[in-house]
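# Secondary and tertiary structure notes
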Amino acid sequence: MPTFRFVTADVFTKERFGGNQLAVFPDARGMDPALMPRIAREFNFSETTFVLPPSDPKHTRAVRIFTPGAELPFAGHPTVGTAFVLATLGEIALNGAETRIVFEQGVGPVPVTIRSENGVPGFAQLTAARLPEFGPASPRAADLARAIGVGPGDVLEGRFSPEIASCGVPFLCVPVKDRATLGHARVRLDDFEQVLAGYSTQKVFVFCAEPELPGSHYRARMFAPGIGVAEDPATGSAVAAFAGYLAKRDARRDGALRWVIEQGFEMGRPSILEAEAEVRAGAVTAVRIGGHSALVSREEYTV
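Residues numbered from 1 in each chain as written. Predicted model: local features only at pLDDT ≥ 70, side-chain atom pairs only at ≥ 80, totals over all residues. Heavy atoms only, no water.

### Considerations on the side chain of Ser216
Residue position: Ser216 is located in the loop between β12 (204-208) and β13 (218-224). Residue classification places Ser216 among the buried residues on the basis of a relative accessible area of 13%. A polar contact of 3.0 Å, which involves the side chain of Ser216, links it to the side chain of Glu262. (Helix = DSSP H or I, 4+ residues; strand = E, 2+ residues; numbered from the N terminus. Buried < 20%, exposed > 50% of the residue type's maximum accessible area, 1.4 Å probe, protein only. Polar contact = N/O pair within 3.5 Å; in protein donor to acceptor, adjacent residues only side chain to side chain.)

Following this line, the structure appears as structure tokens:
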């Protein structure tokens, strides 16, 4: 029976058993594509990736990304983690302190920079294939509060208010008043499905401007039960959208804007995501998301 090598890693953390779990099949050539979603369901991680040859020889690899419930055109933690895994295994040759590669994904070519120290990769940063987009209008703040199990006045309105943002995958960014409120958030599935029925996304990124660690700017949680992710420990695609959300509200109209976001702490899997937005004359010209990863295991899968 054919076997395929896989590696597991924790992404957006420097330590094992933190961050977001990821399974990577570094060479999925010859695998029946119909097996990929079934394998992802078996792992039951937030995402599993399958690495294939690129269709364009100028690119490094093609990467297919699956949650337990769906295939995604783009996701941040699988992109960052897959780059780290391939570099760690020697599947990607390192070129000094920074190695630039391109992954083909459903959203299009995704550039990734791998940073190494003494020949050892640690940090990877992707550039979003699409610039931030916004809309349609979000549900009412009071309805969203009911959907995530917080009080009717706990979801903020005004300059920071609920808004759908996307860098290829749409998320509903929902600000709450403080870290205690964020910690109490719980998806009420019936209300959640009712409130978000018919909207362009049912992925909700709840955040507050009260982080725990020095050097962080925001604390966040992400809920997406509709794709089999009750809560995600670290969501790079959501943070990419969030960078666009923040840049839109930032008084600085030129330069590189940077934020550090905490996620996964309430799940016991603390994650640190670094976000950047390049802004020129008030317009976002690039979004980058990065973080560290840690290798956990190497195994084989028989199909």
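### A closer look at the pattern of salt bridges
Per the stated rule, a full pass over the model turns up 23 salt bridges. Glu91 is the salt-bridge partner of Arg61, the closest N and O atoms lying 3.9 Å from each other. Linking Arg61 in strand β4 (residues 61-66) with Glu91 in the loop between α2 (76-89) and β6 (98-105), this pair joins segments that are 30 residues apart in sequence. Given a relative accessible area of 29%, Glu91 falls into the partly exposed group. The salt bridge involving Glu278 is made with Arg288; its shortest N-O contact spans 2.7 Å. Of this pair, Glu278 sits in strand β16 (residues 271-280) while Arg288 sits in strand β17 (residues 283-302), and the two are ten residues apart along the sequence. Each member of the pair, Glu278 together with Arg288, is buried. A network of salt bridges, in which partner residues are shared, links Arg258, Glu276, Glu278, Arg280 and Arg288. (Salt bridge = Lys/Arg side-chain N within 4 Å of Asp/Glu carboxyl O.)

### A closer look at the packing of aromatic side chains
All chains considered together, the criterion is met by 16 aromatic pairs. Taking the centre distance of 5.6 Å and the plane angle of 40° together, the rings of Phe6 and Phe25 count as tilted. Of this pair, Phe6 sits in strand β1 (residues 3-11) while Phe25 is found in strand β2 (residues 20-25), placing the two residues 19 residues apart along the sequence. We classify Phe6 as buried; its relative accessible area is 8%. Since its relative accessible area comes to 0%, Phe25 is described here as buried. Between Phe25 and Tyr301, the aromatic rings sit 5.9 Å apart at their centres with planes inclined by 75°, giving edge-to-face as the arrangement. In this pair, Phe25 is assigned in strand β2 and Tyr301 in strand β17, connecting sequence segments 276 residues apart. Ring pairing ties together the aromatic residues Phe6, Phe25, Phe43, Phe45, Phe50, Phe66 and Tyr301, which thus form one cluster. (Phe/Tyr/Trp six-rings, centres within 6.5 Å; stacked < 30°, edge-to-face > 60°.)

### Structural notes on the pairing of β16
Most of β16 sits out of view: seven of its ten residues are buried. Bridging between strand β15 (residues 255-263) and β16 involves nine bridges; their strand directions are antiparallel. The residue of β16 that forms the bridge with Arg258 is Glu276. Relative to β17, β16 is paired through seven bridges, and the arrangement is antiparallel. Note that in β17 the partner of Glu274 across the bridge is Gly290. (Pairing = 2+ DSSP bridges.)

### Observations concerning unusual backbone geometry
Each neighbour pair has its own omega, and for Gly135 with Pro136 the value is 0°, a cis peptide bond. Topologically, Pro136 is positioned in the loop between β9 (133-134) and α3 (141-147). Backbone geometry places Phe12, a non-glycine residue, at a positive phi of 70°. Judged by its relative accessible area of 1%, Phe12 is buried. Phi at Asn118 takes a positive value of approximately 55°, unusual for a residue other than glycine. Mapped onto the elements of the fold, Asn118 is located in the loop between β7 (108-117) and β8 (120-127).

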